[in-house]
Amino acid sequence: PLATKQEIIDRLKAIAESDDEISRAEVEALKSNFYRLHKQEAEEAFKTFTEGGGNPDEFMPAPNTDEPIFKEQMAIIKEKRASLQLEQERQKEENYQKKLAIIEKIKAILSNPDDINKSYNDFKVLQQEWNDIKLVPAEKATDLWKTYQVNVEQFYDTLKLNNELRAYDFKKNLEMKTLLCEAAEKLQENPNIVEANRALQQLHDEWAEIGPVARELREDLWNRFKQASSIINKKHQAYFDEIHAKENENLEKKQALIA
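Below, the structure is looked at part by part.

Definitions and cut-offs
Residues numbered from 1 in each chain as written. Predicted model: local features only at pLDDT ≥ 70, side-chain atom pairs only at ≥ 80, totals over all residues. Heavy atoms only, no water. 1 Å grid on protein atoms, 1.4 Å probe; cavity = no way out; pocket = protein on both sides within 12 Å on 5 of 7 lines; lining within 4 Å. Points joined across faces, edges and corners; volume = space filled by probe spheres on them. Helix = DSSP H or I, 4+ residues; strand = E, 2+ residues; numbered from the N terminus. Nonpolar A, V, L, I, M, F, W, Y, C, P; charged D, E, K, R; others polar. Phe/Tyr/Trp six-rings, centres within 6.5 Å; stacked < 30°, edge-to-face > 60°. Buried < 20%, exposed > 50% of the residue type's maximum accessible area, 1.4 Å probe, protein only. Lys NZ or Arg CZ within 6 Å of the ring centre and 35° of its normal. Axes fitted to C-alpha atoms, helices over the stretch in contact; angles between N-to-C directions. Parallel < 35°, antiparallel > 145°, perpendicular 65-115°, else oblique. Left-handed = near helix turned anticlockwise from the far one by under 90°. Contact = heavy atoms within 4.5 Å. Core = buried A, V, L, I, M, F, W, Y, C linked by side-chain atoms within 4.5 Å.

Remarks on empty space enclosed by the protein
Within this structure, the stated rule accounts for one cavity of 30 Å³ or more. In this structure, the largest cavity encloses a volume near 50 Å³. Around the largest cavity, the lining residues are Gln127, Asn131, Tyr148, Gln149, Val152, Ala208, Glu209, Ile210 and Gly211. Mapped onto the lining of the largest cavity, the elements with two or more residues apiece are α4 (120–132), α5 (138–158) and α7 (193–209).

Next up, the structure:
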C-alpha cells in the first residue's frame, strides 16, 4: 500500500487522467488505505497529546485537510467509470445487432439449398465476421449463440459440397475441439483455481468459435468438454464458498469483540 495520503491522491489523479480501464478493486483499496492512514494519524496525534499531559477529553483531532481533494478525484473517477460503462453497453448492443444480421444472412443462404455449394465461401466469411465481433449483452449472449449454432449446424447438415471438403472441415474442427477437451481436463491439475477458471472461460470462448464436428460425434465430444468444465466450476464455487464462510466467521468474531 502507498505510504502517505498524498501518494494515494496522486495515484487517483493518474487514474482519473488515464485512458486505461479503471480497476474497481484498486480504487476501493486506495479509498480504504486513505482512511486507514487518516485514522492512524489521528491516533498518533491523540497519543502525543495525552503523553504530553493533555486532558483526553479536551483533545481535538486535526481536520482531514486532504479529504476534499481526495473526494474530488473519487467523484471524477466515478463519473468516468459510469461513462465508460455506458459506452461499453452501447458497443455490446451494437455487436448484438451485427450478430443478428449475420444470422439472418446465414438463414438467407439456407433458404436457397440448391445454391448452397456456391455460397460456401460466403458462409465462411460470415463465420469469420461472427468470430471477430466480441462482447454482446450478457443476458442475450446464450440465446444468441444457440440460434447461431443451430443455423451453422443446419448449414453443414444440408451442405451439398463434396464429401472430401466437408470431411476436412469436420476433421479439423474435431482436432481443435479435442485439444480444448484435453486442455480443460489438464486445468484440473492447476492448484490456482481462480487462474484455472479464467483459463476455462477462454477455452469456452474458443469452443464457441469452432464449427461443428460430424453429427455422430457432437454429443459425446460436448459431454466430455462439459464434464471437465463442471469439475473446474465446482472447485471454483467451493473456493469462494470457503472464503465467504471465513469472512462470516471473522465478522462474528469482530461483532463479539465489539459486544
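Observations regarding the layout of surface pockets
Empty space among the atoms becomes apparent when a probe as large as a water molecule is rolled across them. Looking at the largest pocket, its volume works out to about 730 Å³. Those elements that place two or more of their residues in the lining of the largest pocket are α3 (67–110), α4, α5, α7 and α8 (215–258). Of the residues that constitute the lining of the largest pocket, the class distribution is 13 nonpolar, four polar and six charged. In this structure, the second largest pocket encloses a volume near 240 Å³. Around the second largest pocket, the lining residues are Trp145, Gln149, Glu153, Lys177, Trp207, Pro212, Val213, Arg218, Glu219, Leu221, Trp222 and Asn223. The set of elements that each furnish at least two residues to the lining of the second largest pocket consists of α5 and α8. Broken down by element, the lining of the second largest pocket gets its largest block of residues, five residues, from α8. The residue inventory of the lining of the second largest pocket, partitioned by class, reads six nonpolar, two polar and four charged.

What about the packing of aromatic side chains?
Two numbers describe a pair of aromatic rings. These are the distance of the centres and the angle of the planes. A full pass over the atoms with the stated rule returns 14 aromatic pairs. For the ring pair Trp222 and Phe225, a centre distance of 6.1 Å and an interplane angle of 45 degrees mean the geometry is tilted. Here the residue Trp222 and the residue Phe225 both occupy positions in helix α8, the gap between them amounting to three residues, near one helical turn. The exposure class assigned to Phe225 is buried, which follows from its relative accessible area of 0%. Between Tyr239 and Phe240 the ring centres are 5.1 Å apart and the planes differ by 85 degrees, which places this aromatic pair in the edge-to-face class. A relative accessible area of 30% places Phe240 in the partly exposed class. Aromatic ring contacts, followed pair by pair, group Phe123, Phe155, Tyr156 and Phe170 into a single cluster. The cationic tip of Lys5 hangs over the ring face of Phe34; the distance from NZ or CZ to the ring centre is 5.6 Å. The positively charged end of Lys99 is found above the aromatic ring belonging to Trp130, 4.3 Å away from the centroid.

Describing the packing of α7 against α8
Geometrically, a packed helix pair is captured by the angle between its two axes and the distance between the axes. Contact geometry of α7 with α8 gives a least axis separation of 9 Å together with a crossing angle of 150 degrees. Taken together, the axes of α7 and α8 are roughly antiparallel relative to one another. Note that α7 runs across α8; the crossing there is left-handed. In this structure, α7 uses Ile193, Val194, Ala196, Asn197, Leu200, Gln201, Leu203, His204 and Trp207 to contact α8, whose residues at the interface are Leu221, Trp222, Phe225, Ser229, Ile232, Asn233, Lys235, His236, Tyr239 and Phe240. Looking at the contact of α7 with α8 residue by residue, the classes come out as 12 nonpolar, six polar and one charged.

Points about the nonpolar core
Ranked by internal contacts, the top residues of the largest apolar core, which has 21 residues, are Ile106, Phe123, Phe155 and Tyr156. Among the elements of the structure, α3, α4 and α5 are those that each provide at least two residues to this core. Within the second largest apolar cluster, 15 residues are counted, among which are Cys181, Leu187, Ala196 and Phe225.

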